[in-house]
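Residue-level structural notes
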Amino acid sequence: MAKTLFEWDYADYPGAKTYPHLFKPIQIGNLMVPNRIKYAATEDNLNGHDGFVTDAGVEYMRQRAIGVVGGLCFMQGVYMDPKRQGQGYVGQAACWDDKFIPGLKRICDAIHKAKAVAGFQLMDCGRVGAVEVDYCHGPSAVPQRLRIFKPVEEMTNADVKTMIQQHADAARRGVEAGFDIMEISGIVGYLISNFISSYTNRRTDEYGGDLRGRMQAVVEIIQGVKDVCGSDVPVGIRLCSEELLDDVRGNTPEESMETYKIAEEAGADYISCTLGWQESIYPVISRDIPMGNWIHLAKRAKEHVSIPVQMAYRLFKPELPNEKIGAGELDQWEICRSMIADPHMPKKVAEGKETEIRHCVACNLCLARLFRDAPMTCYINPVCAHEWQQEFANPKPAEEEKEVMIVGAGPAGLECAYMAASRGHEVHVYDKRDVIGGTLNEAKNAPYGDDELWTCIEYQKVMCEKAGVNFHLGTEVTDDLIEDEMPDTVVLATGPAYSKIEAPGGDSDKIVNLLDVMSDKAEVGETVVMYGNRKPGIGCALHLAKQGKKVTIVGKEKSAGFDVNPSFKWRYMIYMRQNGITVYNDCDIDEITDEGVVVKAYDGIRWPIKCDTVVVSDRGPNESLKKTVQSEGIELFVIGDALIPRNLSSAVHDGYRIGIRL
């Protein structure tokens, strides 16, 4: 009879009726899990650089455990070697010695307190590891494609056997810490995937050669881990269904499915279906990939194995996984970034509160932070990585209730509004437009998935309504209005002021504003110069290029996309090339002529560019209303692009921080 850790009854949960397949139990090995939801193991860099668990790491996991409402909740993968060659992140938890067990038990206990199933992951990062040492290890010394990673030292036969034993030893420590289910990580270029792939495994001993040989280390790891876990602790493995490494002769999809069969033969109790490596040149999880793009891979996996199949990868909303589980094409819904953005996302689904979910926008800022040795933060969730700071994560009611005027109903103003109102302030939001959303109304029209950014406004709208925020749309705030209302506090969230081209001809009729272009209010010729090489200009340039316009970007920044996080920026660079967009960085428009513009580089060189239209996307701070508020002695805050033009993330974070300070 399968072991049940916690009793859950979803009969009274509205979401269990809407999504019945997500909230039915599943047996994994000898363990019965109450539902089909799993928070997948995710690095967070919140632990000490010595590998010990911290308060921040424990509270981060506690909130995700609450979120899975009885499902699987996996802590981040642990590194297992004292030499730290397998360590891939500076804040990764360690498990190479018994001294780490008490800290790991703290995480396990936090998960259990939420009545969730505690998962433990074993993760040697292989060729993408060695973050604190000079060399990483791998089956063969195949040169790195990505410059940020360390040189690879080929493991000896004895090294391989030691590594296999390290997995078993770490698994034993995980069991002693109280974890209920064990997982082996073999994805995205980590060590196990290095052994499996023909790209990185050129060995001639028993751990190389054909696919069976390349899987031998994996088989021994599965068997060794199962030996120490016993019958009550299931053992699963995450494996690539497609490496997306055809350009370097990686495994074929057919070979990947054979690895699934071999893992099942070795005793794996489930498989987490993944795809892609960090070295793949094809994108997998950014928002330019359509939602649900990869779900067919889970169906294919289930055609090759009889054990449960789990999958994440662009499955941010419950409809599709519920449908596929019902159709027998998937067994469990894995969630990663969606629960970074909103740790209680599945709980809200269960409770019928889907409109209150803060959805991930697939920007990959979380990854960019991790790869740059910084604690993970979220583009859209200001509380991420601050869960342990109660005054930040759960701010107290205001000591003094104020009348707060917020000027601007964009993401900064809305975030500030609902936070301030939820703490007891009387909040009034004004906007001269008759709709909320600020410049996201235009930004969402950019191609390659930018429509997903609008989920931020949808969430904020619901939260403002719930908190009792008062809206005054279609009302422009003037000096007189401020003097008439005389609120206790004014928050200026007016968005940026768009720059004028300070050059001869700067008043030309061919100059139009980016917002008018993105809302189709401006006439745009066939040849266009985009003034400004940050994200707004790039988005608009791609929008126009998709219409068949010939676009040239001219910008002052030394590189285009200065304000785009690096884990997403590379996608824009490719799309600009694919759409024939010419980019001139580190230069300015020196003159507007009848034929077009004259561009001047940093070194003084000038050259003409013919164009029909010049689109201004360059922005600056918005100083309007500031002097009036200050002259009246009213408490003043300036947030978002009105303070300094940046990005959506900065707007949301600004709004939250001021909202809890008022």
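Residues numbered from 1 in each chain as written. Predicted model: local features only at pLDDT ≥ 70, side-chain atom pairs only at ≥ 80, totals over all residues. Heavy atoms only, no water.

1. Focus: the overall build of the protein
If you tally the helices and strands in the protein, you get 23 helices and 28 strands. Whereas a compact globule of 662 residues would reach a radius of gyration of roughly 26 Å, the protein reaches 27 Å, a difference of no more than 12%. With respect to the three principal axes, the spread of C-alpha positions in the protein is 75 × 60 × 45 Å. Among the 662 residues that make up the protein, the fraction classed as buried is 61%. For the protein, restricting intrachain contacts to residue pairs at least 6 apart in sequence, the fraction spanning at least 24 positions comes to 72%. Carbon and sulfur atoms form 48% of the exposed surface of the protein, whose accessible area is close to 25500 Å². Charged side chains of the protein number 73 positive and 97 negative; the gap between the two group centres comes to 3 Å. (Helix = DSSP H or I, 4+ residues; strand = E, 2+ residues; numbered from the N terminus. Rg over C-alpha atoms; globule rule 2.2 N^0.38 Å. Buried < 20%, exposed > 50% of the residue type's maximum accessible area, 1.4 Å probe, protein only. Contact = heavy atoms within 4.5 Å. Areas by Shrake-Rupley, 256 points an atom, 1.4 Å probe, with all protein chains shown as cover. Lys, Arg positive; Asp, Glu negative; His and termini not counted. Charge placed at Lys NZ, Arg CZ, Asp CG, Glu CD.)

2. Let's talk about the packing of helix H4 (residues 157–176) against helix H7 (residues 216–229)
It is at 8 Å that the axes of H4 and H7 come closest, and there the two elements cross at 30 degrees. On the basis of the axis angle, H4 is roughly parallel to H7. Note that H4 runs across H7; the crossing there is right-handed. Taking contact as the criterion, the partners of Val 160, Met 163, Ile 164, His 167, Ala 168, Ala 171, Arg 172 and Val 175 in H4 are, on H7, Ala 217, Glu 220, Ile 221, Gly 224, Val 225, Val 228 and Cys 229. A class-by-class count of the residues in the contact of H4 with H7 yields 11 nonpolar, 2 polar and 2 charged. (Axes fitted to C-alpha atoms, helices over the stretch in contact; angles between N-to-C directions. Parallel < 35°, antiparallel > 145°, perpendicular 65-115°, else oblique. Left-handed = near helix turned anticlockwise from the far one by under 90°. Nonpolar A, V, L, I, M, F, W, Y, C, P; charged D, E, K, R; others polar.)

3. Some points on the domain arrangement of the protein
Per the domain assignment, the segments making up the protein are domain 1 (11–355 + 366–371), domain 2 (395–496 + 621–661) and domain 3 (499–617). Relative placement of domain 2 and domain 3: their C-alpha centres are 29 Å apart. Counting residues at the interface gives 11 residues for domain 2, matched by 13 residues for domain 3. Of the roughly 990 Å² buried where domain 2 meets domain 3, counting both sides, 59% is carbon and sulfur surface. Together, Glu 442, Pro 447 and Tyr 448 form the three largest contributors to the area buried by domain 2 at its contact with domain 3, with a combined 55%. For the interface between domain 2 and domain 3, the tally reads 1 salt bridge. Asp 450 is the partner of Lys 535 in a salt bridge, and the nearest nitrogen-oxygen pair spans 2.8 Å. Applying the counting rule to domain 2 against domain 3 returns 6 residue pairs in polar contact (both at pLDDT 80 or more). (Domains from an automatic or database assignment. Buried area = accessible area lost by both parts, 1.4 Å probe. Salt bridge = Lys/Arg side-chain N within 4 Å of Asp/Glu carboxyl O. Polar contact = N/O pair within 3.5 Å; in protein donor to acceptor, adjacent residues only side chain to side chain.)

4. Some remarks on the pattern of salt bridges
Per the stated rule, a full pass over the model turns up 42 salt bridges. With a shortest N-O distance of 2.9 Å, Asp 641 and Arg 619 are connected by a salt bridge. A residue pair is termed long-range when its members are at least 10 positions apart, and Asp 641 in the loop between strand E28 (635–638) and helix H23 (648–661) and Arg 619 in strand E27 (residues 619–620) qualify at 22 residues. Grouping residues by exposure puts Asp 641 and Arg 619 together as buried. Three or more residues are tied together by salt bridges with common partners; here these are Lys 38, Glu 183, Arg 238 and Glu 334.

5. So, empty space enclosed by the protein
A full pass over the atoms with the stated rule returns 2 cavities of 30 Å³ or more. The computed volume of the largest cavity comes to approximately 90 Å³. Among the secondary structure elements, those contributing two or more residues to the lining of the largest cavity are helix H11 (337–341) and helix H13 (365–371). The element contributing the most residues to the lining of the largest cavity is H11, with 3 residues. (1 Å grid on protein atoms, 1.4 Å probe; cavity = no way out; pocket = protein on both sides within 12 Å on 5 of 7 lines; lining within 4 Å. Points joined across faces, edges and corners; volume = space filled by probe spheres on them.)

6. Here's the deal with the state of the cysteines
One pass over the full model with this rule turns up 0 disulfides. Cys 273 carries a free sulfur, and the closest cysteine sulfur to it, the one in Cys 240, is 9.0 Å from it. (Disulfide = S-S within 2.5 Å.)

7. A word on the environment of His 425
Inspection of the secondary structure puts His 425 in the loop between helix H15 (411–422) and strand E15 (426–431). Note on His 425: relative accessible area 5%, which makes it buried. A sequence separation of 237 residues divides His 425 from Leu 662, and the C-alpha atoms of the two residues are 8.3 Å apart. Setting aside chain neighbours within four positions, we find His 425 in contact with Ala 398, Glu 400, Glu 401, Lys 402, Val 404, Ala 420 and Leu 662. At a separation of 3.0 Å, a polar atom in the side chain of His 425 contacts the main-chain amide nitrogen of Lys 402.

8. Quick notes on helix H21 (residues 566–578)
For H21, built from 13 residues, the straight-helix expectation of 18 Å at 1.5 Å per residue is met to within 8% by its first-to-last C-alpha distance of 19 Å. Those residues of H21 that fall on the buried side of the exposure criterion are Ser 567, Phe 568, Arg 571, Tyr 572, Ile 574, Tyr 575 and Met 576. Buried residues belonging to H21 abut H13, helix H20 (535–545), strand E21 (550–554) and strand E22 (582–584). Its side-chain oxygen placed 2.9 Å from the backbone nitrogen of Ser 567, Asn 565 serves as the N-cap of H21. (Expected span 1.5 Å × (residues − 1).)

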